[in-house]
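# Report on the structure
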Amino acid sequence: MTEHALQTDGLGKRYRRTWALQDCSLSVPSGRVTALVGPNGAGKSTFLRLVVGLLAPTTGSVEVLGRPATDTPQALSRIGFLAQDHPLYKHFTVAELLRVGRSCNLRFDQELAERRLRQLDIPLDRKAGALSGGQQAQVALALALGKRPDLLVLDEPMASLDPVARLEFLQALMGAVAEDGMTVLFSSHVVPELERVCDHLIVLNHSRVTVAGDIDDLLTEHRLLVGPRTTADLDRSGTVVEATHSERHTTLLVRDGGAPAAPGWQASPVGLEDLVLSYLRQPARKEVAA
Amino acid sequence: MTWLTWRQHRAEMYALGLLVAAIGAFLLAVGLQMHSLFPGGAGQCTGIDLTEACSTAIRRLNDEHGYASKMLNLFSLVPFLIGAFFGAPLVARELEAGTWQFAWTQSVPRMRWLAVKLGALGFATALLAGVFSAVITWYRQPMDVLDGRFGADAFDLEGLAPAGYALFAFAAATAAGAVLRRSLPALAVALGAFLAVRVLVAGWLRPNYQDTQRLVELVAVGDPADVGNPRMSTGNHLDWTIASGYTDSAGRPLSLYDSAAMYSAAEKEGVKFSAYLHERGVQQWVEFQPAERFWTFQLVETTIFAGLAAALLALVVWRFRRRVF
Amino acid sequence: MFVFRIDSNSGVPPYLQLVQQVRQGVLLGFLAEGDRLPLIREVSETVAINPNTVAKAYRQLEQEGLVTGRPGQGTFVNATEAAPVSPATYTSLQRGLETWLGRARAAGLDEQAINALFTAALNKARNENIA
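No experiment lies behind these values; they were computed from the predicted model shown.

## Some thoughts on the overall build of chain B
Secondary structure assignment for chain B yields 13 helices and three strands. Dimensions of chain B, computed from the C-alpha atoms along their principal axes, are close to 85 × 45 × 25 Å. Residues classed as buried in chain B amount to 49% of the 325 residues present. Charge separation in chain B, taken as the distance between the mean sites of 26 positive and 25 negative side-chain charges, equals 19 Å.

## Quick look at the pattern of salt bridges
A side chain of one charge can pair with a side chain of the opposite charge when the charged atoms of the two come close. Inspection of the entire model under this criterion finds 30 salt bridges over all chains. Here A:D23 ties to A:R208 by a salt bridge, and the two come within 3.8 Å at their closest N and O atoms. Here A:R208 lies in strand β10 (residues 208-214) and A:D23 lies in strand β2 (residues 18-29), a separation of 185 residues in the sequence. Across the pair B:K117 and B:E94 runs a salt bridge whose closest N-O atoms are separated by 3.9 Å. With B:K117 in helix α6 (residues 110-139) and B:E94 in helix α4 (residues 78-97), this pair connects stretches of sequence that are 23 residues apart. Across the pair, B:E94 and B:K117 agree in class, each one buried. One network of salt bridges, in which partners are shared, links B:R140, B:D144, B:R149, B:D153 and B:E158.

## Observations concerning the state of the cysteines
With the rule as written, the count across this model stands at one disulfide over all chains. Covalently, B:C45 is tied to B:C54 through a disulfide, its sulfur atoms 1.8 Å apart. The chirality of the disulfide connecting B:C45 with B:C54 is left-handed, given an S-S dihedral of about -75°. Classification of B:C45 by relative accessible area gives buried; the value is 7%. A:C24 carries a free sulfur, and the closest cysteine sulfur to it, the one in A:C198, is 17 Å from it.

## Some details on the domain arrangement of chain A
Residues and elements named next belong to chain A. Taken domain by domain, chain A consists of domain 1 (4-205) and domain 2 (216-281). On a C-alpha basis, the centres of domain 1 and domain 2 stand 35 Å from each other. Contacts between the two partners involve 11 residues from domain 1, matched on the other side by eight residues from domain 2. Regarding the contact of domain 1 and domain 2, the summed buried area is about 780 Å², with carbon and sulfur atoms giving 79% of it. The tally of links between domain 1 and domain 2 comes to zero salt bridges. At the boundary of domain 1 with domain 2, the tally comes to one residue pair in polar contact (both at pLDDT 80 or more). Mapped by element, the contributors of at least two residues to the side of domain 1 that touches domain 2 are α7 (194-197) and β9 (200-205). By residue number, the principal contributor to the side of domain 1 that touches domain 2 is β9, which donates four residues.

## Remarks on the interface of chain C and chain A
Between chain C and chain A, the residue contacts involve 18 residues of the former and 19 residues of the latter. Here chain C packs against chain A, burying approximately 1,500 Å² in sum over the two surfaces, 47% of which is carbon and sulfur. By the criterion of area lost to chain A, the three top residues of chain C are C:E45, C:A48 and C:N50, representing 31% of everything that side buries. Our count for the chain C to chain A interface comes out at one salt bridge. For A:D216, the salt bridge is made with C:K56, and the minimal N-O distance between the two is 2.4 Å. Linking chain C with chain A are nine residue pairs in polar contact (both at pLDDT 80 or more), by the criterion used here. Element by element, the count of residues in the side of chain C that touches chain A is highest for helix α2 (residues 40-47) of chain C, at five residues. Among the residues making up the side of chain C that touches chain A, the classes are represented as seven nonpolar, eight polar and three charged.

## Observations concerning empty space enclosed by the protein
Scanning all chains against the criterion turns up six cavities of 30 Å³ or more. There is about 110 Å³ of room inside the largest cavity. For the lining of the largest cavity, the secondary-structure elements that each account for two or more residues are β6 (79-82) and α5 (133-146) of chain A together with α5 (100-103) of chain B. Ranked by residue count, the leading element in the lining of the largest cavity is β6(A), at four residues. Taken together, the residues of the lining of the largest cavity sort by class into nine nonpolar, five polar and one charged. One number sums up the size of the second largest cavity: a volume of about 90 Å³. Its residues placed into classes, the lining of the second largest cavity shows eight nonpolar, two polar and two charged.

## What about the pairing of strand β4 (residues 59-64) of chain A?
All names here are of chain A. Two strands pair when backbone bridges link them, and strand β1 (residues 4-15) and β4 are joined in this way by five bridges, in the antiparallel orientation. Residue G12 lies in a different strand from β4, and its bridge partner there is T59. Note that β4 and strand β5 (residues 67-68) share two bridges and pair antiparallel. In the strand pairing of β5, V64 is matched with R67. Counting the residues in the hairpin turn of β4 and β5 gives two residues, including L65, whose phi is positive at 50°.

## Points about the pairing of strand β3 (residues 283-289) of chain B
Residue and element names in this part refer to chain B. Most of β3 sits inside the fold, with five of its seven residues counted as buried. In this sheet, β3 lies alongside strand β1 (residues 213-218) in antiparallel orientation, the contact comprising six bridges. Bridging from a neighbouring strand, E217 pairs with Q284 of β3. As paired strands, strand β2 (residues 240-247) and β3 are joined by seven bridges and run antiparallel to one another. For G245, the partnering residue across the bridge sits in β3 and is W285.

## With respect to the packing of aromatic side chains
Residue and element names in this part refer to chain B. Overall, the coordinates contain 24 aromatic pairs over all chains when judged by the stated rule. Between F80 and F194, the ring centres sit 5.3 Å apart and the planes meet at 50°, which makes this aromatic pair tilted. Linking F80 in helix α4 with F194 in helix α10 (residues 183-205), this pair joins segments that are 114 residues apart in sequence. With a relative accessible area of 2%, F194 lands in the buried category. Positioned above the aromatic ring of F294 is the side chain of R149, whose terminal nitrogen or guanidinium carbon lies 3.9 Å from the ring centre. Lying over the aromatic face of Y276, R280 brings its terminal NZ or CZ to 3.6 Å of the ring centre.

## What to know about the interface of chain A and chain B
How big an interface is tends to be reported as the loss of accessible area on association of its parts. Taken together, the contact between chain A and chain B spans 32 residues of the former and 25 residues of the latter. A buried area of about 2,600 Å², summed over both sides, lies between chain A and chain B, and 57% of it is on carbon and sulfur atoms. Considering only the surface of chain A that becomes buried against chain B, A:L54, A:Y89 and A:C104 emerge as the three largest contributors, covering 25% of it. At the boundary of chain A and chain B, one finds two salt bridges.

## Quick notes on helix α2 (residues 52-64) of chain B
Residue and element names in this part refer to chain B. Across its 13 residues, α2 extends 18 Å between first and last C-alpha, which sits within 8% of the 18 Å expected from 1.5 Å per residue. All of the buried residues in α2 are C54, A57 and L61. Each buried residue of α2 lies within a common arc of 60° when the element is viewed along its axis, so the set occupies one face. Projecting away from the buried face of α2 at angles above 90 degrees are the exposed residues E52, N62 and D63. Next to the buried residues of α2 lie α1 (2-35) and α7 (141-147).

About the cut-offs
- Note on numbering: residues in each chain are counted from 1, in written sequence order.
- All chains are assigned letters beginning with A, and all ligands numbers beginning with 1, in the order in which they are written.
- Predicted model: local features are reported for residues with pLDDT of at least 70 only, side-chain atom pairs are reported and counted for 80 or more only, and whole-chain, interface and lining totals are derived from all residues.
- Water and hydrogen atoms were dropped before computing side-chain values, which therefore reflect all heavy atoms in the structure.
- Secondary structure elements are defined from DSSP: runs of H or I of at least 4 residues count as helices, runs of E of at least 2 residues count as strands, and each element is numbered from the N terminus.
- Accessibility here uses a 1.4 Å probe with only protein chains present; expressed as a share of the type maximum, an area under 20% marks a residue as buried, one over 50% as exposed, and anything in between as partly exposed.
- In this tally, Lys and Arg are treated as positive and Asp and Glu as negative; His is ignored, and so are the chain termini.
- We put the charge of a Lys on NZ, of an Arg on CZ, of an Asp on CG and of a Glu on CD.
- Between Lys or Arg on one side and Asp or Glu on the other, a salt bridge is scored when a side-chain nitrogen of the former is within 4 Å of a carboxyl oxygen of the latter.
- Disulfides are defined in this document as cysteine sulfur pairs within 2.5 Å.
- Either an automatic procedure or a domain database provided the assignment from which the domain bounds are taken.
- A contact between two residues is defined here by any heavy atoms of the two lying within 4.5 Å.
- Buried area is understood as the total, over both parts, of accessible area removed when two parts are fitted together, assessed with a 1.4 Å probe.
- Under this definition, polar contacts are N or O atom pairs within 3.5 Å; protein pairs additionally need one hydrogen-donor-capable and one acceptor-capable atom, and for neighbouring residues in sequence, both atoms have to be side-chain atoms.
- By the convention adopted, Pro, Cys, Tyr, Trp, Phe, Met, Ile, Leu, Val and Ala count as nonpolar, Lys, Arg, Asp and Glu as charged, and the other residues, Gly among them, as polar.
- Here a cavity denotes a set of grid points, spaced 1 Å apart and computed over the protein atoms alone, in which a 1.4 Å probe fits but from which it cannot get out, and a pocket denotes an open set meeting protein on both sides within 12 Å along at least five of seven lines; residues with an atom within 4 Å of a point are reported as lining.
- Grid points are joined across faces, edges and corners, and a volume is the space filled by probe spheres set on the points.
- What makes two strands pair is DSSP finding at least two bridges between them.
- Two aromatic rings from Phe, Tyr or Trp, using only the six-membered ring of Trp, form a pair when their centres are within 6.5 Å; if the ring planes differ by under 30 degrees the pair is stacked, by over 60 it is edge-to-face, and anything between is tilted.
- Charge-over-ring contacts are defined here by two conditions on Lys NZ or Arg CZ: a distance within 6 Å of the ring centre and an angle within 35 degrees of the ring normal.
- Each helix should span, by expectation, one fewer than its residue count multiplied by 1.5 Å.
- In this context, the arc is that of the directions from the helix axis out to the C-beta atoms.

Structure (structure tokens):
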């Protein structure tokens, strides 16, 4: 297996006039669970569709599992994709959907898929449209896992699920990851649940990657500095990600910053949620006029 | 993949199959009755001198089966229904429901997915339209012998043309669905395109598939001449008359105004119009397409529609190849 | 079988929550020598947590000497030589904390204020340890 499950270089996608994704260069290590975080409309779905070969890039390249992302049978068979709102053929029974998986794939582990669904008490003879949202998501997951993919890509997999269904979905997903050791890339706009499930993070905002890396590394690299109110010399220690000022004191989120440089300043570690939110609050980068 | 295509489109297959079967059964029932009016074949009842039996048969044909023409004109939408109901949901339904993201991330590349779907459903379209036109061709056989096969209620429903129309409707609906991403609007757009192209081709192109033949002769005293229309025979009542008119003795065409003036002059003089024309050396002419060109014309018409269908499907393929969805 | 819980809103990194729960389990006697910790896959599936996180927690526990991983068999709790905190000490510490809480309440601090005070003290202690 290659070291990187996914590598992009200068990746961009334009729809008519607007760029949905721009200048995206990053890599996702194999065997990790990576979260792609960003507000709605940040370009998450576009990025994921580029990865699974549903879209062709306007600029740059995507390499998945060591090969350019295309839609050849070989490339497709190594990727499992779960689109937003887990679309399924609503008039098909679950058994028929499994048959689709079997007849449209080079390899399909019917037994595994059936076992998963049986464990969840999902009747195989029920039409997909008659299942609850959580059950539909589980069927879609079982179909994706049935391909025994090396890379599993999920677009907002839990956005439409109630809390119980969310947890059950995560349980199924994490169980599968533990069993198969595949690489997982999923997008989300909900932050609190991320920390328990992912170990790698990509933050996408305004069609650009604002931060990407190992969560442990990111948490050690970033520090929250609190001190007397100041608006000058913010760049003194490390890169300031975000500065918030109250009447008397200033809070800085800095990256690669050492100990607080000035007296009266205190450093403390930052939580993942605060870190992500700080990056999401950053304004769009101004285009430099040529 | 074949199974998936069948499973996804079996509802349309059942419905359209039923429609064609119902039409076929109905035409078989009324057709057998119609055919029985001419025990020796309708071919014996052409010409001027008709036997008593033939006159009765033709009268009964007009009385009892006079609705046929209107009914057949209505049926000219059936090829559209066949093609469009297969084509409209082909891509649009996947885009509507978001299932394209599921369908095209299995191990079947989207181009193969498209090829299988277009192949299978295009074949079903052509097959159903072929059965439909075969039934009509059989049904209309006595009428064809008596009235010719170039009328809108014959040419448009017989032979190869309906299959061409159906394929065009199929391609138009598929392409509209791929562009509009919705089945129902795609159906509406395809209907508009279908009607427009059909009217345009039938009214404007079809008469010119081959150069018309032209007959010119001096108006004879006993000819059934009308103002502007010599009602001249081509020698075969099955020919397709495109145009007719008069020229003066020098060969210059006479306008309707000219011939109307002559008609009033003839009345004033108290002579028959044809005699008046004959006296002045007026010639009558007719341009027509001979009846035996029917199959050539069918072939050209079908090729046009099949060609348009191919162009539209090429557009769909192009959109697929660019991966713009 | 030992059961883990994860509180997504606690602010404590999930792997640390697992480590703390095992520590606490050993401390309170829920986990005894030779007990097998659940397999990584089992933890992942029941708690809905990244297997890499579980592996990281188990690694840390191994480094701390609390558990030993035996390939193909699982992770087992080690003997704790002279438990660093005896049940008696533990109980007395808890009593002390409860008395302190009583005093804080009496002084008019609500739960949030108590938490803030406690966290600040903890941070201070931690910083001093590092320095």
